[in-house]
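The primary structure of each chain is shown beneath.
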Amino acid sequence: MSSPAILDDLYATILSRKGGDPDSSHTARLFHKGRAKIAQKVGEEAVETVIEAIAGTPEKLASESADLLYHLLVLWADAGVQPADVYAILEGRKGVSGIEEKNSRTRA
Ligand SMILES: N=c1c2ncn([C@@H]3O[C@H](COP(=O)(O)OP(=O)(O)OP(=O)(O)O)[C@@H](O)[C@H]3O)c2ncn1[C@@H]1O[C@H](COP(=O)(O)O)[C@@H](O)[C@H]1O
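Within each chain, residue numbers correspond to sequence positions counted from 1 in written order. Only residues with pLDDT of at least 70 are given local features in this predicted model, and only at 80 or more are side-chain atom pairs given and counted; all residues enter the totals for whole chains, interfaces and linings. Hydrogens and water molecules were not included; the side-chain quantities draw on all heavy atoms of the structure.

Chemist: What is the right way to read the packing of helix H1 (residues 5–16) against helix H4 (residues 58–79) from this model?
Modeler: Two numbers describe a pair of packed helices, the interaxial angle and the distance between the axes. Here the axes come from fitting lines to C-alpha atoms, over the contacting stretch only for helices, and the angles between their N-to-C directions go from 0 to 180 degrees. Secondary structure elements are taken from DSSP: a helix is a run of H or I of four residues or more, a strand is a run of E of two residues or more, and numbering for both begins at the N terminus. In contact at an axis separation of 10 Å, H1 and H4 are set at 55° when each is read in the N-to-C sense. In terms of their interaxial angle, H1 and H4 are classed as oblique. For the pair H1 and H4, the crossing hand works out as right-handed. Residues Leu-7, Leu-10, Tyr-11, Ile-14 and Leu-15 of H1 form the contact with H4, whose participating residues are Leu-69, Tyr-70, Leu-73, Val-74, Trp-76 and Ala-77. Residues were grouped as follows: Ala, Val, Leu, Ile, Met, Phe, Trp, Tyr, Cys and Pro as nonpolar; Asp, Glu, Lys and Arg as charged; and all remaining residues, including Gly, as polar. Broken down by class, the residue content of the contact of H1 with H4 amounts to eleven nonpolar, no polar and no charged. For this classification, under 35 degrees means roughly parallel, over 145 means roughly antiparallel, 65 to 115 means roughly perpendicular, and everything else is oblique. Two helices crossing with the near one rotated counterclockwise from the far one by less than a right angle form a left-handed crossing, whereas a clockwise rotation gives a right-handed crossing. Only heavy atoms matter for contacts: two residues are in contact if any of them lie within 4.5 Å across the pair.

If you want it as structure tokens, here you go:
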């Protein structure tokens, strides 16, 4: 299965902002502020996504989800995680029931 091209494109754009001008690039500003701030933004966007899921509209949930994905990609880029690393983990889980996987962890 092909990888999500839009996420790969966005990740490449994000990487290109490393060391960039914080006054002209939001991504460069996030890198400049550091991993703790980026992680905090992921947490905030996750909470906003949850709020829209419970009390908002599908359109607002989609918009908050996009903010969350963007900030998660910035976090990956800062921490040296490639999207392909995550895709490989998801691929490896295909066909494995989440319940079975949890039971195997409990038994181990
Ligand atoms: N997808 C996004 C994207 N999603 C959200 N955001 C920005 O994330 C910011 C979130 O705003 P908040 O007020 O929550 O956060 P904040 O301004 O950091 O404020 P504080 O939390 O620090 O108080 C907004 O400025 C949004 O514009 C994004 N900024 C950039 N991108 C993509 O990244 C590309 C490169 O952007 P630049 O690095 O700015 O050139 C863009 O072309 C887009 O494709």
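Chemist: Sorry if this is basic, but what is going on with the side chain of Ser-25 here?
Modeler: Within the secondary structure, Ser-25 is located in the loop between H1 and helix H2 (26–33). Any pair of nitrogen or oxygen atoms within 3.5 Å is treated as a polar contact; in protein, a donor-acceptor pairing is required on top of that, and neighbouring residues in sequence qualify only through side-chain atoms on both sides. Within the local environment of Ser-25, its side chain forms a polar contact with the backbone nitrogen of Thr-27, the two atoms lying 3.3 Å apart.

Chemist: Help me understand the packing of H2 against H4 in this model?
Modeler: Relative orientation of the contacting elements H2 and H4 amounts to 50°, with a least axis distance of 11 Å. The orientation of H2 with respect to H4, classified from their angle, is oblique. Note that H2 runs across H4; the crossing there is right-handed. Across from His-26, Thr-27, Leu-30 and Phe-31 in H2, the residues of H4 making contact are Tyr-70, His-71, Val-74, Ala-77 and Asp-78.

Chemist: Just to check I follow, could you spell out the environment of Ser-97 for this structure?
Modeler: Mapping Ser-97 onto the fold places it in the loop between helix H5 (83–93) and helix H6 (98–107). Three exposure classes are used, based on accessible area relative to the maximum for each residue type with a 1.4 Å probe and protein chains only: buried under 20%, partly exposed in between, and exposed over 50%. Judged by relative accessible area, which is 38%, Ser-97 ranks as partly exposed. At 3.1 Å, the side chain of Ser-97 forms a polar contact with the backbone nitrogen of Ile-99.

Chemist: Is there a simple way to explain the nonpolar core in this structure?
Modeler: Proteins that are soluble and globular tend to have nonpolar side chains buried together. One finds Ile-14, Phe-31, Ile-38, Leu-73 and Val-74 to be the most contacted residues of the largest nonpolar core, which totals 14 residues. Looking at this core, the elements that each hand over two or more residues are H1, H2, helix H3 (35–55) and H4. Element by element, the count of residues in this core is highest for H4, at six residues. Excluding its chain neighbours within four sequence positions, the residues that come into contact with Phe-31 are Ile-14, Arg-17, Lys-18, Ile-38, Val-74, Ala-77 and Asp-78. Definition used in this section: a nonpolar core is a set of buried Ala, Val, Leu, Ile, Met, Phe, Trp, Tyr and Cys residues joined via side-chain atoms within 4.5 Å.

Chemist: Even after reading the chapter, I still don't get the site of the ligand, so can you show me in this structure?
Modeler: Definition of nearness: a residue and a molecule or strand are near each other if at least one heavy atom of the residue lies within 4 Å of the molecule or strand. Lining the immediate surroundings of the ligand are 14 residues, of which Arg-17, Ser-25, His-26, Thr-27 and Lys-41 lie closest. With respect to the ligand, the side chain of Lys-37 contributes an N or O atom lying 3.2 Å from an oxygen atom. Note that an oxygen atom of the ligand is positioned 2.8 Å from one of the side-chain N or O atoms of Lys-41. Computed on the free molecule, the ligand has an accessible area of 850 Å², of which 52% lies beneath the protein chains in the complex. Looking at the shell around the ligand, the elements with two or more residues in it are H1, H2, H3 and H4. Considering every element that reaches the shell around the ligand, the biggest residue donor is H3, with four residues. In terms of residue class, the shell around the ligand is made up of two nonpolar, five polar and seven charged. Accessible surface area values rest on a Shrake-Rupley calculation with a 1.4 Å probe, where residue burial reflects the displayed protein chains alone.

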